[in-house]
Amino acid sequence: MTGVAVGIAGIGGGGAAQGAAVLCAGGALWWTAERERALRRARVVLAVPGGGTVSWPVAFRRWLDAARGRPEWLSLPVAAVLALIGASFLPLLAGAAAVPLVGCRLRAARSRREREARGDGVVALCGAVAGELRAGWQPAQALAFAARTTGALGGQEAAVLAAARFGGDVPEALRRAARQDGAEGLAGTAACWQVAVDGGVGLAAGLDRLEAALRAHRDQRERLRAQLAGAWATVAVLAVLPVAGLGLGAALGAHPLRVLLHTPAGLGCLAVGGALEAVGLWWAARIVRRGERP
């Protein structure tokens, strides 16, 4: 602004060329200062802990990583695309409503995988403790080694190992650890431990029988799941059929999205069809899940 004032004074004094030069120089200085200020703001916004800045591809990649951690939020971009194609806000509402539902289903699937992994860890724990006992280790040492190797005790590992190391109530600590989802087999380990301590029965033999029983239960579950894979494929096909019908209609030039989203009859068909689709999928999945129970 100082350069602008000087330039105006120069023009008023008759030095038009000099005033114009000073005016240009002042404008250049002002533009440079604004650019530096914008760069500083960008560095603050895109700063990284080790210094430097994050380029836009890296920032976009970080956003994708965050979305990969919460994949249910990907329902919104899909709904936005459908809203643009169908020129209606109804897909956006449906996408927003699908976010918590998809998140609930994903969390349930994640919990099931964690439960099954913990159950497999209990089977491995029994086998590892039995093997270390036959190798000549003391029960507390064998349990500590197997727990650190398999990770089957979860959040109760410190309590169980402390009880085993300092002469505490190991069966009770194992029963508390068995309350974790998927770690029910630890209750059998607690029973074997208590019988071995109270009656002098071989702990390794009891753990071997327990491992065989847990492994048979897991194999039965896997066989049931393999036999029901065809039923789950049928459920998936039923879920995809409406989408395939919309794609076929669009390929034939019938404009199904415009009919469904912009006409009263289409809105009614969309509501009734969506309700029937949801109920049908829920009922079919319920039947298949009941068949998965051993």
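Presented here is an overview of the structure given in this document. Per chain, residue numbering runs from 1 following the sequence as it is written. For a predicted model such as this one, the threshold for reporting local features is a pLDDT of at least 70, and the threshold for listing and counting side-chain atom pairs is 80 or more; totals across whole chains, interfaces and linings nevertheless cover every residue. The basis for the side-chain values is all heavy atoms of the structure; hydrogens and waters are excluded.

1. Regarding a nonpolar patch on the surface
Thinking step 1. Each patch is built from residues that are more than 30% exposed by relative accessible area and take part in no salt bridge. Like charges join if they lie within 9 Å; nonpolar side chains (Val, Leu, Ile, Met, Phe, Trp, Tyr) join within 5 Å. Methods summary: accessible areas were calculated by the Shrake-Rupley approach with a probe of 1.4 Å, and residue burial reflects only the protein chains presented. Here a salt bridge means any side-chain nitrogen of Lys or Arg lying within 4 Å of a carboxyl oxygen belonging to Asp or Glu. A surface patch of nonpolar side chains, about 360 Å² in accessible area, is lined by V78, V81, L82 and I85.
Thinking step 2. Tracing the chain through its elements places V81 in helix 4 (residues 75-86). Secondary structure counts use DSSP, requiring at least four H or I residues in a row for a helix and at least two E residues in a row for a strand, with both numbered from the N terminus.

2. Focus on the packing of helix 5 (residues 90-134) against helix 6 (residues 139-150)
Thinking step 1. Axis definition: a line fitted to C-alpha atoms, limited for helices to the stretch in contact. Angles are taken between N-to-C directions and run from 0 to 180 degrees. Helix 6 packs onto helix 5 with a crossing angle of 145° between their chain directions and a minimal axis gap of 8 Å. Of the two possible hands of crossing, helix 5 and helix 6 adopt the one that is right-handed. Taken together, the residues of helix 6 that come into contact with helix 5 (itself represented by G121, A124, L125, A128, V129, E132 and L133) are P139, A142, L143, F145, A146, A147 and T150.
Thinking step 2. In terms of residue class, the contact of helix 5 with helix 6 is made up of 11 nonpolar, 2 polar and 1 charged. Two helices that cross are described as forming a left-handed crossing if the nearer one is turned anticlockwise from the farther one by less than a right angle, and a right-handed crossing if clockwise. Two residues form a contact once any of their heavy atoms are found within 4.5 Å. Polarity classes work like this: nonpolar for Ala, Val, Leu, Ile, Met, Phe, Trp, Tyr, Cys and Pro, charged for Asp, Glu, Lys and Arg, and polar for all others, with Gly in that last group.

3. Quick word on the environment of L143
Thinking step 1. Looking at the secondary structure, you find L143 in helix 6.
Thinking step 2. Partly exposed residues are those whose accessible area sits between 20% and 50% of the maximum for their type, while under 20% is buried and over 50% is exposed, using a 1.4 Å probe and protein chains only. Residue class for L143 comes out buried when judged on its relative accessible area of 0%.
Thinking step 3. Separated by 10 residues in the primary sequence, L143 and L133 have C-alpha atoms spaced 9.1 Å apart.
Thinking step 4. Ignoring anything within four residues of it in the chain, the contact list for L143 reads L125, V129, V160, L161, A164, V170 and W193.

4. Points about the packing of aromatic side chains
Thinking step 1. The pairing test for Phe, Tyr and Trp rings, Trp by its six-membered ring, is centres within 6.5 Å, and the orientation test on the planes gives stacked under 30 degrees, edge-to-face over 60, and tilted for anything in between. Evaluated as defined, the whole model comprises 2 aromatic pairs.
Thinking step 2. Each ring, one from W137 and one from F145, has its centre 5.5 Å from the other, and the planes form 70°; the classification is edge-to-face.
Thinking step 3. A residue is classified by how much of its surface remains accessible, and W137, at 36% relative accessible area, is partly exposed.
Thinking step 4. Taking 5.9 Å as the distance between ring centres and 50° as the angle between the ring planes, the aromatic pair formed by W282 and W283 counts as tilted.
Thinking step 5. Accessibility expressed as a relative area gives 45% for W283, which makes it partly exposed.

5. Section: unusual backbone geometry
Thinking step 1. Not every positive phi belongs to a glycine, and A87 is a case in point at roughly 55°.
Thinking step 2. Within the secondary structure, A87 sits in the loop between helix 4 and helix 5.
Thinking step 3. Phi at H255 takes a positive value of approximately 55°, unusual for a residue other than glycine.
Thinking step 4. Among the residues examined, H255 registers a relative accessible area of 44% and is labelled partly exposed.

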